[in-house]
Structure formats: C-alpha cells, structure tokens
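Observations on the model geometry
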Amino acid sequence: MASLDDLKKRIASVKSTQKITKAMKMVAAAKLRKAQESAEKGRPYSEKMNNVILNLSSGISDKENAPKLLAGTGQDKVHLCVVMTSDRGLCGGFNSNIIKKAKSYFSKILDENKELKIITVGSKGNDQLKRIYGDKIIENISFKESKNANYFDADKVGKIIIEKFEAGEFDVCTIFFNKFKNVITQIPQAQQIIPLNDEGSENSSDESYEFEPDEDEILSNLLPKNISTQIFKAMLENSASEQGSRMSAMDNATRNAGEMVDKLTIEYNRSRQAAITKELIEIISGAESL
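As a starting point, this report considers the structure included with it. (Residues numbered from 1 in each chain as written. Predicted model: local features only at pLDDT ≥ 70, side-chain atom pairs only at ≥ 80, totals over all residues. Heavy atoms only, no water.)

This paragraph deals with the pattern of salt bridges. This model, assessed by the stated rule, comprises 11 salt bridges. Overlapping salt bridges, with partners in common, bring together Lys 25, Asp 251 and Arg 255 in one network. (Salt bridge = Lys/Arg side-chain N within 4 Å of Asp/Glu carboxyl O.)

Below, the structure is given as structure tokens:
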C-alpha cells in the first residue's frame, strides 16, 4: 500500500493535470466556433467551383485535347496521395482516423500493382506513415507556424501538386482529410482532385451558361485555382475537426482525472484511518500492560 505522502503527491499531480486538460478544453471550444464557421462557409464555394468546372467540361467537344488537370493523363498507373493531418497531438482519434482511411487506400493501390507516392501535410501524419511507407513519402509539408488554416498555405500545396503533375510524376491525385460533422463525429474523406471526379457532385445538367472567352481558356485558369480551393476546403474541415476532437478528448481526460482524484482521496482517507486506528491500538495495548 502506498504511503500517505505518496498518495498526497499523486492527488496533487492528478489535480494539476485536470486543470491543464480543462484549460485545453476551453481553448479548443473557443477555437472551434471560428473554425466551424469557416468550414461551413467554405463548403458552398468549393462545391460551386467544382460544379462550374464540370459544366464547362461538358461543353468541350474535343475531349482528347481537354486540359490534363481535368481529363488526366489517360493512365492509372501512378497514384499521388496527399495525407492531411495536424502538427499537434492531444486531439483524440483525429489523426489516426485519417491515417486509417489512407492506409486502406494504400493497400488497395499496392494490391493492384500500381505505384504509390505520398505527400504528408502535417507532422503527425508523417510520423505515423514513415514507419511503414517511408520509401513512398516524397515530401513532407508542415505549417506549424500558421495559427489558422489559410488560402496561402493551401495554394502552396496546390502548386507543388501541379508542378509534379506537369512533370509527369503521377496520374491520379487523392487528398485525405476529416470532414467536420459535430464535436463528437468527424468523417474521414478521400477526394480525388486530379483528374477531376464528378462523383457525388451536385452539378445540375439543366443549367446552361454562355462563356466568354471559350471553355478551354476559362478552364486553364480555373483548374489550378480549383485544386488549391479543394485543398483549402480540406484544411478548413481539418481545422474544425481537430478542435472538435481535441475538445472532446480533453473533456474525457478532465472527467477521468476527476474520477481518479475521487478514488485516490478514498484510498488516502482509508490509509489515514488505518494509521490512526493502529496508533490507538498501540497506545491502548501499552496502557494495559502498565
């Protein structure tokens, strides 16, 4: 049985940890409001841009000469996977859920004897993937110095992807991130951005537009911006998901610390009572012997 001094120290230590987790929960809750608002505002813009591009692509008569970012290389041999995680931990299953989704996709690609290349955005994803897929990781990008998700960082990632595509380094590009649903639930996503995939798009075939200049010229300008926009949307979703997951994790940690303090306090009181009872028995026994 632990001594009374040891129990006192453990109780003080757990209470100190409880204060930290409670403070982290409050900070995450404050950040979550802004991050959730940004993610919800970003969804309609990214979806509409996708829809406009798909509408433009439907008007292209010569599909073979369509922009490569739209139509792809025509092959499906080399897959580039952009795994977007956080640079910080203590956020529950946020990072591990993205990694699990990505690993499932990796296994499918490798089982089909296709080549896999990985870009990690966020140090936590790189730390987990390099153990198994270290030889597949071609670049690791981190934005530790950025306080919030911003378009400048997303555009930086987008330009790296486009440069590698134009250099012929891959055929298909897929990004992995968590879509924010609520504080408890974040849904891992795999979204193909090159070539543009119309699966799940809300594009309506009844809509009709007149374009000036022609479709090809507009697409050549919009497609690179769309890639950065989709990455920015993923960053916003990740930011809200990370704060929601951290808030939930710190809330659980705070409650667990409280339960541990209660158990240690009961153990301390019992040990103290046992020590007092032992001293009384010794005093009484000594008095009787006299």
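From this point on, the discussion continues.
Moving on, we get to the pairing of strand S5 (residues 186-194). Taken residue by residue, a regular strand's side chains alternate between the two faces of the sheet. Of the strand pairs in this sheet, strand S4 (residues 172-180) and S5 are connected by 8 bridges, and their pairing is antiparallel. Bridge pairing in S5 places Cys 173 opposite Ile 194. Two successive antiparallel strands, S4 and S5, enclose a turn made up of 5 residues. (Pairing = 2+ DSSP bridges. Helix = DSSP H or I, 4+ residues; strand = E, 2+ residues; numbered from the N terminus.)

Looking along the chain, the bond that leaves Ile 194 and enters Pro 195 is cis, with omega of -15°. In this structure, Leu 90 is a non-glycine residue whose phi angle is positive, near 55°. With respect to the helices and strands, the residue Leu 90 is situated in the loop between strand S1 (78-84) and helix H3 (94-111). Despite not being glycine, Asn 113 shows a phi value in the positive range, around 60°. Structurally, Asn 113 can be placed in the loop between H3 and strand S2 (115-121).

Bringing the pairing of S4 into the picture now. Extensive coverage of S4 is indicated by the burial of 8 of its 9 residues. As defined by bridge partners, S1 adjoins S4 across 5 bridges and the pair is classed as parallel. In the strand pairing of S4, His 79 is matched with Val 172. (Buried < 20%, exposed > 50% of the residue type's maximum accessible area, 1.4 Å probe, protein only.)

All right, on to the nonpolar core then. Core analysis: the biggest nonpolar cluster contains 34 residues, and Val 121, Ile 161 and Ile 194 have the highest contact counts within it. Taken together, the elements giving at least two residues each to this core come down to helix H1 (4-58), helix H2 (68-71), S1, S2, helix H5 (151-166), S4, S5 and helix H6 (215-289). Residue contributions to this core peak at 7 residues, all from H6. Residues contacting Ile 194, with those up to four places away along its chain left out, are Leu 69, Ile 161, Phe 165, Phe 170, Asp 171, Val 172, Cys 173 and Ile 227. (Core = buried A, V, L, I, M, F, W, Y, C linked by side-chain atoms within 4.5 Å. Contact = heavy atoms within 4.5 Å.)

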